[in-house]
Structure formats: C-alpha cells, structure tokens
Amino acid sequence: MNFLLPILLGCIVCVITQFTEEPEKIKRENFEDENSLSDFGLLLVNIVTKLYAGHCYALITDPIYKAVLTKQLFLDIEDTPRYVLEISEDEDTLNPSARLDCMLKEIHKVGCGVYVILLANGIQMERLLRYGDKTRVLNTRAKFIILHDYRLFAPDLHYLWKRIVNVVFVRELTSTKSGRRNHQDKTHHYELATVPFPFPLKGIFVAKRLDFWYKGKFRYSQKLFYDKTTNLDGQIMKVVVLEHTPAIFHNLVDDASNSNQNFYGLEIELLKAIAMGLNFGMEFYETDDAATEKWGTISDNDNATGLIGEMVESRADFALADLHYTEHNLKTMDLSIPYNTECLTFLTPEALSDNSWTTLILPFTPGMWAGVLISLFSIGSVFYGLSEDEIDMNKLKMLKMVPFKRQALAWKVPYPKRDIFDTLSGCIIYTFSMLLLVSLPRLPNGWPLRLLTGWYWIYCVLVIVAYRASLTAILANPVPRLTIDKLKDLAESPIICGAWGDQNKQFFQTAQDKASMMIGAKLEHTPDPDSAVERVIEGNFAYYDNVYMLKQLRATRQSEKARQTLHIMEECAVHMPISIGLEKNSPLKPKVDMFVRSLVETGLTKKWLADAIEKFQSNVELPPQEATMDLKKLTAAFIALAVGYGLSLFAFGIEKLYWRCVVERDPTYDKFIVGRFYGNVVQSDNGGSF
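Looking now at the side chain of H188. For H188, the position within the fold is in strand 6 (residues 187-194). The exposure class of H188 is buried, given its relative accessible area of 11%. A polar contact of 2.8 Å, which involves the side chain of H188, links it to the side chain of E172.

Set out below in structure tokens:
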C-alpha cells in the first residue's frame, strides 16, 4: 500500500497540472488570434483610408471582428462620417430585426460609398447580402470589403456578383517557415480578390486575384477599385423585348438565323448606341408567353410571368418594352433616366352630328337670337309710339287754325292717317321688312321717325351681314363630329374604359381628381388591343395607351366605318416618362444614364422616334372634306319653306272658314253685289252707319 501512495500523488499532480495549463493554452491562442486580428486591422486601415467614401463609411461587424475597428482606423477616417453597426451572432439577417433594418435603411438613405462587412458566419453574411439586394437597403454600386467565404460563391448566389462588382474579398493565407506549424514563426498573408466582371459566371465562381498583403505591404500595389463598366470587352448581354409602338417593332419575315435582325424601333436604336459606347454585344429574344402575358404580373407567392418574370429571375440584362417610369416597374428592375415622355390617353368612339335641320338658327347663339327678337318686336312699338306723338302734334296745329268756339268739335274729328307708321300692324310689318333688307315705300314724314329709321337700317345691315357670313361658313364647313376630348366627359359618359394591367387601374383609382377616380372604377383589364379597337368601333368602349400606339391602331384599320368612328382624345391622362429597363441593382445603370442623356441632348431620340412612327403618322387623320353643297345641308331651308307653306295653308283655311261662317251669313251680304257689303264695312269703320 505504501508504494501506491506516490503513484496516486503523481496522478493527482498530473491532473492538476493539466487543468492549470489549459487556461494558459487558451490564453495563448486568444493572444495569437488577437495578433491575427491586429494584422487584419492594419490591412483594413491600409485599404479603407485609400478609398473615397462619398458621404460616409458603413462598418458592419459581429462581436468577433469588432476588434479590427481600431483607434488608428477611426483616426485616419475622422474627417468622414461613419456608421458602425454590430450584428449579434444569432441575428437572422434575411429577416432582420427592426433595429438592424432601420440602421441599414438609414445608411442607404445617407448614401455611404464604402461598406466594410466583416461577419465570421458566412451564412449570416450571404443572407444579409440577399436581403440588401432584395429590398435595396444596400447600395450595390458602392465599394464593398467582404471576408472571403466559399459559401458566398454558391451557384444560386451568382446573381449577386453580377450586381455587386465593386467588391474586394479578403482571405487569410497562413504559412509557416520550414513547413512546420510553429506558433512563434507563424506569419499572416492575405489575398485580395474581386469579381471577374464583365465575364459571365458559368457554374463555378473563380475570383479575379488583385494583390497580396504581407507585413504591412502590398506585393503589387495595384488599384483595388476601378470602374469595371467602362469597357465590357464584347460581352454578350441578354435583352428581353416586347413589341409595342413606338419602342419595339417585329419584322414580318422571321429570320431564325439572326434573331437580332427581327426587331427594330426607337429603343433598339437607343440600345445599339449604348452598346457601341460600352463595347458589348446583344442577343434579343421574346418570352414564350409574350403574346398573352406581355409585360407580366407578379402573384402573391412571388411567381412572375412575362417580361417582368425574366427580370425577376435575372435571366436578362436589359428590357425593352416601352416601360413606364413608375414605382410598379422599379420594384422588379432598374430604369434608366427617361429618354422620352409619352402622352397616355384614350381611343374613343365618335359620331357625325346631323344638324342640317338647324342650319338656319346655327349662325347665332341663343342669346343673340333673343336679342334680335326682342329688338324686332320692341322697335315696332317704338315706331308706333313716335307716330302717335306726331299725330297729336298735327292735331294741335289744326286746333290753332280754327275759331275758339269750334275747337272742341274739331278735336273730336278723326285725324286722317297718312304716314306708313300710323298703324301698329304697319310698324311691325315694315320693321320686319327692314330686317330682311326690303326697302320702305317712302320715308316717314316726321324727323324723329326718319332718324330712328336711319339708325335702325344700320342695325339691320350689321345683323344681316353677320348672319349671312356665319351661315355661309356653316354651309361650307364639313359636318361637325361628336367627340370626347376631356377626361371629365369620358368619366361622365356610359362608355366602359379598358387598359392593360392592374397597374393602370391602380393609377386611376389613386389619382386625386374625381374624373380619374370615376374612370378607374369602370376600367377593365384588356389584354388584346385589336379586340379592344373593335369594341371602340361599336361605340361603347374606350381604350387606354400611348398616343403613338393609338395612332397605329387607328391607321391599320382599313374600313371606312372604323376610320370615321375612331377618335384619339385630345386631353392626356398623364405625360408618362419612358425608360430602358435594366437588371435590378445593375452596375451598368450610371453609364447607361450617361449615354441616354447624351443621346437625348443630341436629338437622336427624336429622330429615331420620327422614323419609327413615319409609316402610320401620315395616315391617322381623315382627309379633309370638300366644301360642297348638297341637299342635306339645305334641309333647314326646305324645313322653313315647308313651315311657310303650312302657315299659309292654315291662314287660307282660316280665311275660308271666316268667309263661310261670318261673311256669307251676314244679312247685308249679297253674292252678286259684294262691293256693297265691303262698302258698308268700311263706312262702319270710319264712323258712319250701314
């Protein structure tokens, strides 16, 4: 038993020694890690301080790499604002917390030019990049410094490196002297690599090596960040197209050997000029469901169809489809600066107005007619009143010429009426005849009547000349057309409206004016423009699109009924900016915007637009009608003649009835001596007896 005691004590000492040496080992490894992070921090200072950060730096780390944000780093970048964001190790960066999401949005809002993302967990980093690309909370065109991790280069993440091209991957290369792992001889090498843009990623991601860093120095001292979009070195870009006037047209002859020759139009020429400037090739294609889905839609489960589906799945680099610069399109792709502004309006039905029966009253407005009729009836009374005053003055003169005793008897004697305006009926008849430019039989006797007659003749001449001129213009002009040219008129009409896509319906429903909201309430999704035009011809539908497309739809209809029925509304619902579509977060957008701006300023876009619409622009409006007279235009004259015949026959019937019922039944009437009866009547009217 005594010999076992030393052995037992030795075991206890070994166990104690082991437990006491383990903390020392852990401490030494931590110390070595700190030395590694210290070297990495020095590398980070050398890289970051040489970069232009724009408005700020964004430093995103986790608790492990927080130590690399040294005091020296902040001293070197103290002149530039910086955001320091620490992400916990258990943070789900694809579904971030409200704090993390708010910070990322604030960084993007400020516009930081450099992102330093140091996350030890590669899965956490790739989920952060996916979230930033999907929601655009990361500025993918900024400069990125990211830790190298093989999990970032999986095939399903290759689309990220088509968008984030200004990136430097930092990877540590550990080497030992004499091939032995001696902690004291351990040195730290770092490899700096980037994305091989513009060359496409095919299957395996092979990074482009930039430089090495060792003991505080770069081996090649190459420029880490440079503009990779200046020259794309002949890279073939996928371009999805959708035929729509005036952006894209499809050749009738389908040449399968060269699909690029099957399309032409304004946007084709625009993209060709951009391709020449950036040195890239193009491969045009249409989606399989282009005929039915057109621009496409996105369902609730994020399944996209049509052209939008190509952009969502990142299968196309450009999209040419007369794209509107709207929030709806910006959710799925990038849009260049607008190269044109199109008038979006409605194709509405119109009709010829048959107003030939109202030709005689059309020269004057109702107010003008009211003034003419009032003056016509009132002026006769004025003439009669002045004539009565003149008669009274003549009687007064006669009284002065007779003895005083016989003046009372003379006053009762009727004064003989010798002037043309002595009777009310004569005043009305002569004023009517003067308005028809019929001359008076003689001038009135009194000077008041003569002065009034002269000024009334001037009034009649002016009215008649104006009426004749207006009537001549109405008879010479074509038949007026009944059209809808205002949104308000279209909203109040029973005509149903149609347009493609729910985004157009949402545009009208969310408008501020009442007319647009009323149109949005009755707007239907119309996938086929040809069937929509047929409904417009029937007179109960209005189709919404850009004015160039509507002109083409009208010009391609050969029937005379269609050409007389289709009308393009003059008022624009909106002047919509039009852009070229690019892949979401595309690095080419700044260069494309620069070329588009240059092409617009030089006027080439206007020239290409004129070429695109030349075929149907001259055949849009109906040819002007000749100023010819026909019986239809004189309908009102025949109506007036018929009314005159009718009134004359009616007056003739009244006279015959009066003769039968009154004259022939009078006791003094003798059909053989008619003059006696009329002589008695005249004598009775003059104050005598029968």
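Now that the structure is up, let's keep going.
Next up on the list: the packing of aromatic side chains. Scanning all chains against the criterion turns up 21 aromatic pairs. Measuring from centroid to centroid gives 5.0 Å for F346 and Y544, while their planes differ by 45 degrees, and the two rings are tilted. Linking F346 in strand 15 (residues 340-349) with Y544 in strand 20 (residues 541-546), this pair joins segments that are 198 residues apart in sequence. By relative accessible area, F346 is classed as buried at 0%. We classify Y544 as buried; its relative accessible area is 3%. Measuring from centroid to centroid gives 5.9 Å for W369 and Y467, while their planes differ by 70 degrees, and the two rings are edge-to-face. Of this pair, W369 sits in helix 9 (residues 366-401) while Y467 sits in helix 12 (residues 447-476), and the two are 98 residues apart along the sequence. For W369, a relative accessible area of 24% corresponds to the partly exposed category. For Y467, a relative accessible area of 18% gives the class buried. Taken together, the ring pairs in this structure connect F40, Y65, Y190 and W213 into an aromatic cluster.

This brings us to the state of the cysteines. In protein chemistry, a disulfide is the covalent bond that joins the sulfur atoms of two cysteines. Under the criterion given, the structure shown has 2 disulfides. Bridging C56 to C112, the disulfide has an S-S length of 1.7 Å. Between C56 and C112, the S-S dihedral sits near -100 degrees, and the bridge is therefore left-handed. Placement of the pair is C56 in the loop between helix 1 (4-48) and strand 1 (57-61) and C112 in the loop between helix 3 (98-110) and strand 3 (114-118), with a sequence separation of 56 residues. For the pair formed by C56 and C112, the shared burial category is buried. The disulfide partner of C343 is C572, and the gap between their sulfur atoms is 1.8 Å. The sign of the -105 degrees torsion about the S-S bond sets the C343-C572 disulfide as left-handed.

Thresholds applied
- Each chain carries its own residue numbering, running from 1 in the written order of its sequence.
- Local features are withheld for residues below a pLDDT of 70 in this predicted model, meaning they are given only at 70 or higher, and side-chain atom pairs are given and counted only at 80 or more; totals for whole chains, interfaces and linings count all residues.
- Neither water nor hydrogens contribute to the side-chain values; these are computed over all heavy atoms in the structure.
- Only DSSP runs of H or I with at least four residues qualify as helices, and only runs of E with at least two residues qualify as strands; both kinds are numbered from the N terminus onward.
- Relative accessibility decides the category of a residue: with a 1.4 Å probe and only protein chains considered, values under 20% of the type maximum give buried, values over 50% give exposed, and everything between is partly exposed.
- Nitrogen and oxygen atoms within 3.5 Å of one another constitute a polar contact, given that in protein one can donate a hydrogen and the other can accept it, and given that sequence-neighbouring residues count only through two side-chain atoms.
- What counts as a ring pair is set by centres within 6.5 Å for rings of Phe, Tyr and Trp (its six-membered ring), and what kind of pair is set by the plane angle: stacked under 30 degrees, edge-to-face over 60, tilted for all other angles.
- Only a pair of cysteine sulfur atoms within 2.5 Å counts as a disulfide in this structure description.

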